[in-house]
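# Structural description and commentary
Residues per chain, in single letters:
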Amino acid sequence: MAPRPVSRIAGHFDLSPNCPSDCADKSSHRFGGYGLMGRLKRIFLWLLVIYISVPFIVKLCPSIQAKLVFLNFVRLPYFIDLKRPQDQGLNHTINFYLQPEPGINIGVWHTVPSQMWKEAQGKDREWYDSTFKSPNPVIMYLHGNAGTRGGDHRVQLYKVLSGLGYHVVTFDYRGWGDSDGSPSERGMTSDALFLYQWLKLKAGSKPLHLWGHSLGTGVASNLARHLCDRGIPPDSLILESPFTNIREEAKSHPFSMVYRYLPGFEWFFLDTISANDIRFASDENVEHISCPLLILHAEDDSVVPFQLGKKLYDMASQSKSLVGHKVQFIPFPFSLAYKHKFIYRSPELPHILSNFFGMTHPQA
């Protein structure tokens, strides 16, 4: 039999006479499939390595866990100039800085009651300070983690409270926004105490209320306990979306979901939080607080579960130090979709506050 001709073109041999037309296609498909499966396996292995490595990295570097608690490096919204609150629609607000300790300056906003907005245009800090002589009560607002005092949901609450006739004074803890320093629970509480004392000097005998949100509820309860222990309680304490303590909150947070059932979860993650001296133990603080307490919580809060706010209320309602003081818990149903940070949208909020304060608002 004569040998088959083999053609050679540009250095390649044509063997097609020996192979059915679909042979090459099947072969390439088969090897291509193996390539895809190989890539998926490699991706899975990398994810598995990362998943296993993260707990050990966090344990070996506790500062990472502290950053995840504070999230002070997340500045939302971006590109906001905190020196210009008017850019956020707060044209009756002034920005200034206080120094709670040498080398630490913290950024502060003072929003006057909305009825003063016309007079406030172009005024300096001296004028704003003089407005504390008005009979309008003062609310000191302590924000949660991430973002700054200029966060949108925070600004919207300032507007609501200002519209009701309150002075609203808020600030960025050390390490947040344009404030100096590094964050810590002790430092945050120290900054809050310094501002409270500064406000008390300015406001005199008029009501001064504390309002904390999320992580800020831990700071607010720390501050309230400190003041109550010294026999100078605030006029009231309002906790919006609070938790019992940071360990329970961390265990319930959506970020912990992928590790919650991992053996050693508490040792890897929760004990590491404690190692950073971060506790925010509002459940312990309510045993020492002796002032009216209002807790606001949305049932659809996915960041701080509603159950933690309700648990804190149950503890507060049994606290001996709160006997004789008003203790209220206001739930907001799922259907309202207020989630973690939109309670300010409630049309019932003015009524809730006037009922809690036991007085009509300075400006309805």
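The residue numbers shown here count from 1 along each chain, following its written sequence. Only residues with pLDDT of at least 70 get local features here, since the model is predicted, and only at 80 or more are side-chain atom pairs given and counted; chain-wide, interface and lining totals rely on the full set of residues. To get the side-chain values, take all heavy atoms of the structure and skip hydrogens and water.

The condition that has to hold: UniProt positions are given in the numbering used here, feature names are shortened, and annotations may be inferred rather than shown by experiment.
The name an unreviewed UniProt entry gives the protein is Lysophosphatidylserine lipase ABHD12, with Esox lucius as the organism. You can read under Sequence similarities (unreviewed entry) in the UniProt record for the protein the words "Belongs to the serine esterase family." For the record of the protein, the UniProt heading Subcellular location (unreviewed entry) holds the text "Endoplasmic reticulum membrane".

### Focus on the UniProt feature "domain: AB hydrolase-1" (unreviewed entry) in the protein
Note the following rule: Secondary structure counts use DSSP, requiring at least four H or I residues in a row for a helix and at least two E residues in a row for a strand, with both numbered from the N terminus.
Under the present numbering, the feature "domain: AB hydrolase-1" (unreviewed entry) in UniProt falls on residues 137-231. Annotated as 48% helix and 17% strand, the span residues 137-231 places its first and last C-alpha atoms 21 Å apart.

### Brief notes about the environment of S321
Quick note on the threshold: By the convention used here, residues are in contact when the closest approach between their heavy atoms is within 4.5 Å. Each polar contact in these results corresponds to two N or O atoms within 3.5 Å; when the atoms are within protein, one needs to be able to donate a hydrogen and the other to accept it, and residues that are neighboring in sequence are counted only if both atoms are side-chain atoms.
Of note, S321 is situated in the loop between α11 (306-317) and β10 (327-332). Sequence-distant contacts of S321, defined by excluding residues within four places in its chain, comprise V286, E287, H288, I289 and S290. There is a polar contact of 3.2 Å between the side chain of S321 and the backbone oxygen of E287.

### Overview of the UniProt feature "transmembrane region" (unreviewed entry) in the protein
When the UniProt feature table is mapped to this numbering, "transmembrane region" (unreviewed entry) covers residues 43-60. Helix makes up 100% of residues 43-60 and strand 0%, and the two end C-alpha atoms of the span are 25 Å apart.

### Section: the pairing of strand β4 (residues 104-111)
Rules: The buried label applies to any residue whose accessible area, calculated with a 1.4 Å probe on protein chains only, is under 20% of its type's maximum; exposed applies above 50%, and partly exposed to all values in between. DSSP bridges decide pairing: two strands pair if at least two such bridges lie between them.
In terms of burial, β4 is a largely internal element, 7 of the 8 residues being buried. Sheet analysis places strand β3 (residues 93-101) next to β4, joined by 7 bridges and oriented antiparallel. Bridging across to β4, L98 finds its partner in I106. Between β3 and the antiparallel strand that follows it, β4, lie 2 residues; G103 among them carries a positive phi value of about 85°. In this structure, β4 lies alongside strand β6 (residues 167-171), joined through 4 bridges in antiparallel fashion.

### A closer look at the packing of helix α2 (residues 62-70) against helix α9 (residues 265-275)
So the rule is basically this: In this description, a line fitted to the C-alpha atoms serves as the axis of each element, helices being fitted only across the stretch in contact, and the angle between N-to-C directions of two axes falls anywhere from 0 to 180 degrees. If an angle is under 35 degrees, it is roughly parallel; if it is over 145, roughly antiparallel; if it lies from 65 to 115, roughly perpendicular; otherwise it is oblique. Under the convention adopted here, Pro, Cys and the residues Ala, Val, Leu, Ile, Met, Phe, Trp and Tyr are nonpolar, Asp, Glu, Lys and Arg are charged, and Gly plus all remaining residues are polar.
Contact geometry for α2 and α9: axes closest at 9 Å, N-to-C directions at 85°. In this view, α2 runs roughly perpendicular relative to α9, as classed from their interaxial angle. Of the residues in α9, those touching α2 at P62, Q65 and V69 are F269, T272 and I273. Of the residues assigned to the contact of α2 with α9, the class counts are 4 nonpolar, 2 polar and no charged.

### Quick look at the packing of aromatic side chains
Put simply, the test is: Any two rings among Phe, Tyr and Trp, with Trp reduced to its six-membered ring, count as a pair given centres within 6.5 Å; such a pair is stacked if its planes are under 30 degrees apart, edge-to-face if over 60, and tilted if neither. Charges are assigned to positions over rings by a cutoff of 6 Å between ring centre and Lys NZ or Arg CZ, combined with an angular limit of 35 degrees from the ring normal.
Applying the stated rule across the entire model yields 19 aromatic pairs. Centre to centre, the rings of Y173 and W176 are 5.3 Å apart; their planes meet at 75°, and the pair counts as edge-to-face. We classify Y173 as buried; its relative accessible area is 0%. Ring centres of F265 and F269 lie 5.5 Å apart, and the angle between their planes is 35°; this geometry places the pair in the tilted category. A residue pair is termed a helical-turn pair when its members lie 3 or 4 positions apart in one helix, as F265 and F269 do in helix α9 at 4 residues. For F265, a relative accessible area of 5% puts it in the buried group. Put simply, the rings of F70, F171, Y173 and W176 pair up and form one aromatic cluster. Over the ring of W267 we find K59, and its NZ or CZ is 4.2 Å from the ring centre. A cation over an aromatic ring shows up here: K123 above the ring of W127, its NZ or CZ 5.6 Å from the ring centre.

### Digging into the side chain of H297
Take H297: it is sitting in strand β9 (residues 293-298). Using a relative accessible area of 0% as the deciding quantity, one classes H297 as buried. In this structure the side chain of H297 is engaged in a polar contact, spanning 3.3 Å, whose partner is the side chain of D301. Ignoring anything within four residues of it in the chain, the contact list for H297 reads S241, P242, V304, P305, F306, G309, F329, I330, P331, F332 and I343.

### A word on the sheet that holds strand β5 (residues 138-142)
Read from one edge to the other, the open sheet built from 8 strands follows the order β3-β4-β6-β5-β7-β8-β9-β10, with strand pairing classed as mixed. The sheet is open, and its two edges are formed by β3 and β10, each paired on a single side. The average angle at which neighbouring strand axes cross in this sheet is 20°, direction not considered.

### Re the state of the cysteines
Under the convention used in this document: Cysteine sulfur atoms that pair up within 2.5 Å are treated as a disulfide.
Here the structure, examined in full by the defined rule, presents 0 disulfides. Take C291: it sits in no disulfide, and the sulfur closest to it among the cysteines is that of C228, at 4.8 Å.

### Focus on the packing of helix α6 (residues 185-203) against helix α7 (residues 215-229)
The condition is simple: Here a crossing is called left-handed whenever its near helix is offset anticlockwise from the far helix by less than a right angle, and right-handed whenever the offset is clockwise.
Where α6 contacts α7, the two axes come as close as 9 Å, and the packing angle between them is 60°. The orientation of α6 relative to α7 falls into the category oblique. Read as a crossing pair, α6 and α7 show a hand that is right-handed. Across from E185, M188, T189, A192, L193 and Y196 in α6, the residues of α7 making contact are L215, V219, N222, L223, H226 and L227. Taken together, the residues of the contact of α6 with α7 sort by class into 8 nonpolar, 3 polar and 1 charged.

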